[in-house]
Amino acid sequence: MAKKISFNVVFASDEDASFPASELNNHGPTVHGWRSAVSSGLNTHDIVLRFHQPAKIYRIQLLAHQYLIPEKVELWLHYSPKSIPSTPSSQYFDFLGFVALADNANTNYKSRELQSVTVNPRRGTHLKLRLIGAHSNQYSSNGQIALIAVNVLGEELDSAHLGNGEEQMNGEAPPVDTATGELALASICDDLLFSMYVEESVVHHIRELEQRKLRAVTTERFEYARKLKLCMTALRTAGERLGRYALAKRQAVQQEDFGAAKLRKEQIEMYRACVLKQLQVQQLLETEGYQSANDLSCDIYAGGKPSLPPAPSLQDVAQALAELSLGSKCASSSTQDDKSSTDGCSNDSVIAAVAPTAAAAALHLLAKSHDELPQSPRLHRASPSPMSSRQGSLRRRNKSAPRNSYDDYEERTIPTLRQECQGNALLEADPNRSRSRLNDRERRQAALPILVFGSELVEQFYSRQFQDREDGLVRLRNFLKEQELQLNNNEQVASPNKVARSAALLLHRAVRDAVYSVFNQATETVRVLFLEYVPGRVSPSEVARCVDRLLPELLAKSGDPSARLHTLAQHTILSIAACPAVAEQHLVAPALSRTVGSGTHQRLAMSRLQMLEQLVNTQGISTDKHSGMTCRALSDCGCSGIHHPAETVRKVAERILLLVYKVNPRLVRKQLPPDDDITRRNLLYRQLFTEFDKFDLQRKQELLVEGNTFNNLTEDTQFLHPTSSSKSAHALATASCNGKQQYNEQLKRSMLSASNSRKGSASNSESTEENTPKIRCPFCEWSCPGVDTSQLDRHYWKTCPFLTKCPQCSQVLEVAALNYHLTSECEAKESYVVCTRCTESVHKQLYELHQMEDYCRELKTGAARCPLCHDDVHLPLDGGWKLHLLSTVGCPGNIRKRNLKKSN
């Protein structure tokens, strides 16, 4: 088992007078550590440690400073039990290795780095640390470095091992704990991470408890061993808190604030005594011999982890000192019986008697200590007393250095719980829950809500306590319901428009709240506002103003990573859209049916498309061009969504396109690439066109059924009316004939549409001229007489300006689909990335050079980027690309355009 090796610092090349190298001899929360001299000019600093007796070294631990950090630390070991090296020359030491330290910029220079180096077992009597270089930062500009602590773990060698050669240890391995795989320590207190942050007296108790635990396991007193283990864990937590108190006491002493240091000292003593008493440490140590109660489970350790007593705050300490001083005065002037009753107080064994004048001034010292001690900002700041004001205050020596991170957050006053008395619900007085008054800016912002709802309710919305904000939302919801009843009873109330506008102002603040419970209450109030209060009362212009204020915040929340947040936001938006006054003005759907760009976040895009799909299913497709629910608006949104990088977004966009295709198939197919074999090589379009074919087939079957119905109707009419007048028979026959003719025209139109959608295939190409077969390209309208399909294949492969070859896999595809192909379908897609600025597909090795080019610029809204000439192509996709590739000017980077002219 490895244990801590004691040592003394015998040499240091330089040191700061306030931070000598002798600080490395001890470990504890209040240890300063070593610090090099200011502006010493040395690049390397040597520190030599001498072990109290020769030892076999297993591990060396170094704790670096938070901002005075050396670049690396070299480790050198020397073994000479008789002779002591007079100089730190390297000829006396063997090099073990070095440790590189990080610059600590990622933690903003607030954390310390602990490095643990496991070495092969080596005998040694001296350890030399050579600190080289310094990480420069805003807090260390003069090259000064520091080392907080050094810990050496190993085994001390007795006289029997001193004569053995070091070569006998080369085959040995350090003892390893089989459970954790780490170095097996004789005591957890030997670890540097433990001893640096736990108060010294607590460390002493934990060592004794560890020895008792080993004996208990040996004698098979397992219940006793379990209690000891739980007590050690609880003591470590309490020891870390006591260590922070000790650090605060040391800082108060450095600032010469001895009143605060005295309070800290009494706080440490009080808390240590309470912890030892509650955890029954003296009983577990069995200082008076064996105790059978330790083998029983009927105590605080029966339920598992024991609870620690609440830590006394500085207010409690000052109050206890004042009460003790008052008690000592009463005791000096009272009888012996009164004195004996006073001696029975629980704090007499913890707090020493103090002078009356010092105890009376404790409360004043408390008010002063809040401004000067490094305490939590959550502590209640007492009002300064004129008697305790100081003419000047001592400041920190290094103003540029970051504050110490050991703030006493445990001393904040816990808000009292709400307690219901019998018959009356009363709130305990809590200074931390008191709502602050509104400042001038907030009063100007909330002028109308204050006029309508009152200052008290508005202050709850601006409170820092989330419970107050929840109460304010509940009160606002009840207010809206009461206003609804008063309006129904024709009572005199505030104007509905003012109430709605004021509620929207407060809810705009509430829906942005980061606390989920507050946001939940806010969305419930929004639904009450639009579904219960607004209909039939608020004017359309005011409804539009309320939606414009709340909808953007709810849309932002619909893209939140938390599932419950974005689901709740979606439900609220759909509830607003269901309001008749909102649906009449089409206030929600246009915001949802905007095109989805490839840069839109996945969750936000999916939420918008899901809500749009829900609106289409519930409200249907509209013909009003301002509704945002027309076929064109929905198809534009769906076509932009199917090109999104996220698969989940593409699936929802496909479902929207299928809903529109049922109503207007021609429009949907017009906005998509031609339905041919080349396009169907793309898996996305293949699945989409397959669904379209299913709808076309279903529509044909329905039309055939309707045609059979017309035929049966004509035959039944002739059979049922054989003797009818010629005029009636002629009219009925005419109607039947017109219906049949209408059916035939519809069937012909459907067949023609289905045929034109697949006209890109050479086998389906038909001549538009009578008895003259001709092959036609569906992209560039190129044609040639004949039926030889090889000509069309050659045209695709070499000359069609609408197509191009992939530079990686040589596949022929549309120019508009090249960027998507390189990053999603090509065999070399792993080597390509999408440029975040211009959305082009760029090889990873050329990405930095690409962003330095002039043509790598931001993509305009409603445009696509041509991969050949890097110009913007304005949407819609079909007209824009044809104009760019097939016009007289054409794409300047398209080589096929020149080949086409040569062939012609």
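Values in this document were obtained by computation on a predicted structure and should not be read as measured data. (Residues numbered from 1 in each chain as written. Predicted model: local features only at pLDDT ≥ 70, side-chain atom pairs only at ≥ 80, totals over all residues. Heavy atoms only, no water.)

## What about the pairing of strand β4 (residues 44-64)?
As a general feature of sheets, a regular strand has side chains that alternate between the two faces. Among the 21 residues in β4, 17 count as buried, and that is most of the element. In this structure, strand β2 (residues 7-12) lies alongside β4, joined through 5 bridges in antiparallel fashion. Paired with Val9 across the two strands is Leu49, which belongs to β4. (Buried < 20%, exposed > 50% of the residue type's maximum accessible area, 1.4 Å probe, protein only. Helix = DSSP H or I, 4+ residues; strand = E, 2+ residues; numbered from the N terminus. Pairing = 2+ DSSP bridges.)

## Some points on the packing of aromatic side chains
For any pair of aromatic rings, the description consists of the separation of the ring centres together with the inter-plane angle of the planes. Per the stated rule, a full pass over the model turns up 9 aromatic pairs. Consider the rings of Tyr109 and Tyr139, whose centres lie 5.7 Å apart with planes at 80 degrees: the pair is edge-to-face. Of this pair, Tyr109 sits in the loop between β6 (94-100) and β7 (114-132) while Tyr139 is found in the loop between β7 and β8 (146-156), placing the two residues 30 residues apart along the sequence. Take Tyr109 and Tyr139: they sit in the same class, and that class is buried. (Phe/Tyr/Trp six-rings, centres within 6.5 Å; stacked < 30°, edge-to-face > 60°.)

## Quick notes on the pattern of salt bridges
Oppositely charged side chains may form a pair once their charged atoms are brought near each other. With the rule as written, the count across this model stands at 26 salt bridges. Residue Arg272 pairs with Glu269 through a salt bridge whose shortest N-O separation is 3.1 Å. You can see Arg272 and its partner Glu269 sitting in helix α5 (residues 258-278), 3 residues apart, about one turn around the helix. The shortest N-O distance in the salt bridge between Arg655 and Glu613 comes to 2.9 Å. Placement of Arg655 in helix α23 (residues 647-661) and of Glu613 in helix α21 (residues 602-619) is noted, with a sequence separation of 42 residues between them. A relative accessible area of 14% places Glu613 in the buried class. (Salt bridge = Lys/Arg side-chain N within 4 Å of Asp/Glu carboxyl O.)

## Here we look at the environment of Ile300
The residue Ile300 is located in the loop between α6 (281-285) and α7 (314-333) in this model. Residue classification places Ile300 among the partly exposed positions, given a relative accessible area of 35%. When the C-alpha atoms of Ile300 and Leu279 are compared, they prove to be 7.9 Å apart, with 21 residues separating the residues in sequence. With near-sequence residues (within four places) excluded, Ile300 lies in contact with Gln278, Leu279, Gln280 and Pro306. (Contact = heavy atoms within 4.5 Å.)

## Some details on the nonpolar core
Ranked by size, the top nonpolar core spans 84 residues in total, and within it Phe453, Leu529, Phe530, Val582 and Leu672 carry the most contacts. Membership of the second largest hydrophobic core comes to 29 residues, among which are Val202, Tyr224, Leu230 and Ala234. (Core = buried A, V, L, I, M, F, W, Y, C linked by side-chain atoms within 4.5 Å.)

## Overview of α23
Between the first and last C-alpha of α23 there are 21 Å, a value that for 15 residues agrees with the 21 Å anticipated at 1.5 Å per step. Turning to α23, its buried residues are Val649, Arg650, Val652, Ala653, Glu654, Ile656, Leu657, Leu658, Val660 and Tyr661. (Expected span 1.5 Å × (residues − 1).)

## Re the packing of helix α22 (residues 631-641) against α23
Their axes nearest at 8 Å, the elements α22 and α23 cross at an angle of 150 degrees. On the basis of the axis angle, α22 is roughly antiparallel to α23. Judged by the sense of rotation from one axis to the other, the crossing of α22 with α23 is left-handed. Contact residues: α22 offers Cys631, Leu634, Ser635, Gly638, Cys639 and Gly641, while α23 offers Val649, Arg650, Ala653, Ile656, Leu657 and Val660. (Axes fitted to C-alpha atoms, helices over the stretch in contact; angles between N-to-C directions. Parallel < 35°, antiparallel > 145°, perpendicular 65-115°, else oblique. Left-handed = near helix turned anticlockwise from the far one by under 90°.)

## Some remarks on the confidence of the model for the chain
Chain-level pLDDT for the chain is 76 on average; 74% of the residues reach the 70-or-more range. The lowest-confidence element of the chain is strand β10 (residues 425-426), averaging 34 in pLDDT; the highest-confidence one is helix α17 (residues 540-557), averaging 92. Per-residue pLDDT stays below 50 along residues 335-434; that stretch engages in 134 contacts with residues further than four places along the chain or on separate chains. For residues 713-771, every residue scores under 50 in pLDDT, and the model assigns this stretch 45 contacts once sequence neighbours within four places are set aside. (pLDDT = per-residue confidence, 0-100.)

## As for the state of the cysteines
Taken as a whole and judged by the stated rule, the model has 0 disulfides. There is no disulfide at Cys866, and the cysteine sulfur nearest it, in Cys869, is 3.7 Å away. Given a relative accessible area of 0%, Cys866 falls into the buried group. (Disulfide = S-S within 2.5 Å.)

## A word on a nonpolar patch on the surface
A contiguous nonpolar surface patch, about 340 Å² in accessible area, is contributed by Leu846, Leu849 and Met852. Looking at the element boundaries, Met852 is found in the loop between α29 (847-851) and β17 (863-865). Overall, Met852 belongs to the exposed group, its relative accessible area being 65%. (Patch = residues over 30% accessible without salt bridge, like charges linked within 9 Å, V, L, I, M, F, W, Y side chains within 5 Å. Areas by Shrake-Rupley, 256 points an atom, 1.4 Å probe, with all protein chains shown as cover.)

## Description of the side chain of His795
Tracing the backbone shows His795 in helix α27 (residues 789-799). Polar contacts involving the side chain of His795 include one to the side chain of Thr799, which spans 2.9 Å. Those residues in contact with His795 that lie beyond four places of it in its chain are Cys777, Cys780, Trp782, Cys800 and Arg896. (Polar contact = N/O pair within 3.5 Å; in protein donor to acceptor, adjacent residues only side chain to side chain.)

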